[in-house]
Amino acid sequence: MEKNPDGIFPAGADMVRAATEFKCGDLLRLGTEMPEIRKIIIDTDPGQDDAVAIMAALASPELDVLGLTVVAGNVPLALTEKNARKICELSGRPKTKVFAGAIRPMVRDLVTAENVHGKTGLNGPVLPDPTMPLQDQYAVDFIVETLMREKSGSVTICALGPLTNIGLALVREPRIAPRIREIVLMGGGLFEGGNLTPAAEFNICVDPHAADLVLRSGVPIVIVPLDCTHKVLTTAKRIAAFRDLGTAPGIAVAEMLEFFERFDEAKYGTDGGPLHDPCVIAYLLKPELFSGRHINVEVETVSELTLGMTVADWWGVTNRPKNATYLLEVDDQGVFDLLVERIGRL
Ligand code: BDR
Ligand code: CA
């Protein structure tokens, strides 16, 4: 078990919980021969990058997607829930359960991001209106019910949007906290700063109070922040690899990413924009592609100037309790190879 010269351990969920120094791949190799099928709930606000994450998850036999819980974020809830169903149908998985959740953040007014994602939230490809049903149950109730029903420690939550649904579930039934295996969330930024404000990343800033609640919950948390996702760029060559799959899902992903990247390309002057949310699914499938540190991360909920900032104690300058694994480094080509391979299965 080696630590690199920076003292950065390869990240991995159970590794962190046990405070060991295993490489993530070692953990898998040390486990039983039978590949584990991981039960997940995807909480999401699609969003083109959410869409690619959902598609990759639905294509992955290692993951059992118990349901998609949808939240208001990139666009209002009426659109995000519809987009989630469009993506399931595009993926050929119309039986996937999709639940609508919070229509707005806990305290703040909703801030949306049509400037990034387009008017529908899923601009790019022309996708038909979904015919599969939206579940009747409220997403927050589904999260609570599922966690209370399934074996304790068996369900992982993948959070790809503002954390409102998850925060509400934790308030509604605090007994779910110790039953959650792990929350892997896309959000926050340290060295990269923010993308909604100079200090704050979109998912955290839209509902900082929910994010604060989640980070204080005691649940094992892995954070995939901008520091990581800004290294995973949708270059022309990488988008071509999706299109070259020649399938409806592959072509739709290429069209989504071409629309999605234009905003960040203009902003950062890069070939390609950051592909945020699929990193969460890539982490579950291949944690060895990522590395980070287990540190203290807290959210600013008071200051007007820095509201929603993730204050991450990367250098360990405080004694505040370590509550999250903060991913910083990523094998970006490895992530794209994985995603293309998975989308190619749909
Ligand atoms: C996050 O905000 C949304 O725009 C994306 O879908 C992603 O979840 C990136 O800051
Ligand atoms: Ca998202």
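Use the structure listed above.
From a predicted model like this one, the values you see are computed outputs, not experimental measurements.

## Remarks on the overall build of the protein
Helices and strands together make up the secondary structure of the protein, namely 14 helices and 11 strands. Taken over C-alpha atoms, the radius of gyration comes to 18 Å for the protein, in line with the 20 Å a tight globule of 346 residues would show. Principal axes of the C-alpha set define a box for the protein whose edges measure 50 × 45 × 40 Å. Out of the 346 residues in the protein, the part that is buried amounts to 58%. The long-range fraction of contacts in the protein, counting pairs at least 24 apart against all pairs at least 6 apart in sequence, stands at 81%. Carbon together with sulfur atoms contributes 55% to the accessible area of the protein, which is approximately 14100 Å² in total. One finds the centroid of the 34 positive side-chain charges in the protein at a distance of 4 Å from the centroid of its 47 negative side-chain charges.

## Section: the pairing of strand S5 (residues 155-159)
With 5 of 5 residues buried, S5 lies mostly within the body of the structure. Alternating positions in S5 separate into two faces, Val 155, Ile 157 and Ala 159 on one and Thr 156 and Cys 158 on the other, with burial throughout. Here strand S2 (residues 38-44) runs beside S5; their pairing, made up of 5 bridges, is parallel. Across the sheet, Ile 42 pairs through a bridge with Cys 158, a residue of S5. In the sheet, S5 pairs with strand S6 (residues 180-186) via 5 bridges, with the strands oriented parallel. Of the residues in S6, the one forming a bridge with Cys 158 is Val 184. Between S5 and its parallel partner S6, the chain crosses via helix H7 (residues 164-172), and the hand of that crossover is right-handed.

## Side note on helix H3 (residues 48-58)
When you tally the buried positions in H3, you get 11 out of 11 residues, the bulk of the element. Considered for burial, the residues of H3 that qualify are Gln 48, Asp 49, Asp 50, Ala 51, Val 52, Ala 53, Ile 54, Met 55, Ala 56, Ala 57 and Leu 58.

## Quick notes on the coordination of the calcium ion (ligand 2)
Around the calcium ion (ligand 2), the protein supplies Asp 45 (OD), Asp 50 (OD), Asp 50 (OD), Leu 160 (O) and Asp 277 (OD) as donor atoms, at distances of 2.2 to 2.5 Å. In primary sequence terms, the donor set of the calcium ion (ligand 2) follows D-x4-D-x109-L-x116-D. A residue pair is termed long-range when its members are at least 10 positions apart, and Asp 45 in the loop between S2 and H3 and Leu 160 in the loop between S5 and H7 qualify at 115 residues. Here Asp 45 matches Leu 160 in class, with each residue buried.

## As for the nonpolar core
One finds Ile 42, Ile 87, Phe 242, Met 256, Ile 281 and Phe 290 to be the most contacted residues of the largest nonpolar core, which totals 66 residues. The dominant element in this core, judged by the number of residues it contributes, is H3, at 8 residues. If near-sequence neighbours (up to four positions away) are discounted, Ile 42 is found in contact with Ile 54, Ala 57, Val 65, Gly 67, Leu 68, Thr 69, Cys 158, Leu 160 and Ile 281. Core analysis: the next-biggest nonpolar cluster, separate from the first, contains 37 residues, Leu 66, Ala 159, Leu 170 and Ala 312 among them.

## Some details on the site of ligand 1
Inspection of the region around ligand 1 gives Asp 49, Asp 50, Asn 74, His 117, Leu 160, Met 186, Asn 195, Glu 201, Phe 202, Asn 203, His 276 and Asp 277 as its neighbouring residues. In this structure, an oxygen atom belonging to ligand 1 sits 3.0 Å away from a side-chain N or O atom of Asp 50. Between an oxygen atom of ligand 1 and a side-chain N or O atom of Asn 74, the distance comes to 2.8 Å. When the free accessible area of ligand 1 is taken as 280 Å², the share hidden by the protein chains comes to 97%. Mapped by element, the contributors of at least two residues to the shell around ligand 1 are H3 and helix H8 (202-206).

## What about the packing of aromatic side chains?
Summed over the entire model, instances satisfying the criterion amount to 5 aromatic pairs. Plain terms: the ring middles of Phe 191 and Trp 314 are 6.2 Å apart, the flat faces sit at 85° to each other, and that makes the pair edge-to-face. In this pair, Phe 191 is assigned in the loop between S6 and H8 and Trp 314 in the loop between strand S10 (310-312) and strand S11 (324-330), connecting sequence segments 123 residues apart. Among the residues examined, Phe 191 registers a relative accessible area of 47% and is labelled partly exposed. Trp 314 gets classed as buried once you look at its relative accessible area, which sits at 5%. With 6.4 Å between their ring centres and 65° between their planes, Phe 242 and Phe 336 make a pair best called edge-to-face. Linking Phe 242 in helix H11 (residues 236-243) with Phe 336 in helix H14 (residues 332-343), this pair joins segments that are 94 residues apart in sequence.

Conventions adopted
- Residues numbered from 1 in each chain as written.
- Chains lettered and ligands numbered in written order.
- Predicted model: local features only at pLDDT ≥ 70, side-chain atom pairs only at ≥ 80, totals over all residues.
- Heavy atoms only, no water.
- Helix = DSSP H or I, 4+ residues; strand = E, 2+ residues; numbered from the N terminus.
- Rg over C-alpha atoms; globule rule 2.2 N^0.38 Å.
- Buried < 20%, exposed > 50% of the residue type's maximum accessible area, 1.4 Å probe, protein only.
- Contact = heavy atoms within 4.5 Å.
- Areas by Shrake-Rupley, 256 points an atom, 1.4 Å probe, with all protein chains shown as cover.
- Lys, Arg positive; Asp, Glu negative; His and termini not counted.
- Charge placed at Lys NZ, Arg CZ, Asp CG, Glu CD.
- Pairing = 2+ DSSP bridges.
- Right-handed = clockwise from strand over helix to strand, strands pointing away.
- Donors = N, O, S within 2.8 Å, 3.2 Å for Na, K, Ca; no water.
- Core = buried A, V, L, I, M, F, W, Y, C linked by side-chain atoms within 4.5 Å.
- Near = heavy atom within 4 Å.
- Polar contact = N/O pair within 3.5 Å; in protein donor to acceptor, adjacent residues only side chain to side chain.
- Phe/Tyr/Trp six-rings, centres within 6.5 Å; stacked < 30°, edge-to-face > 60°.

Keep in mind these numbers describe shape, not what the thing actually does.
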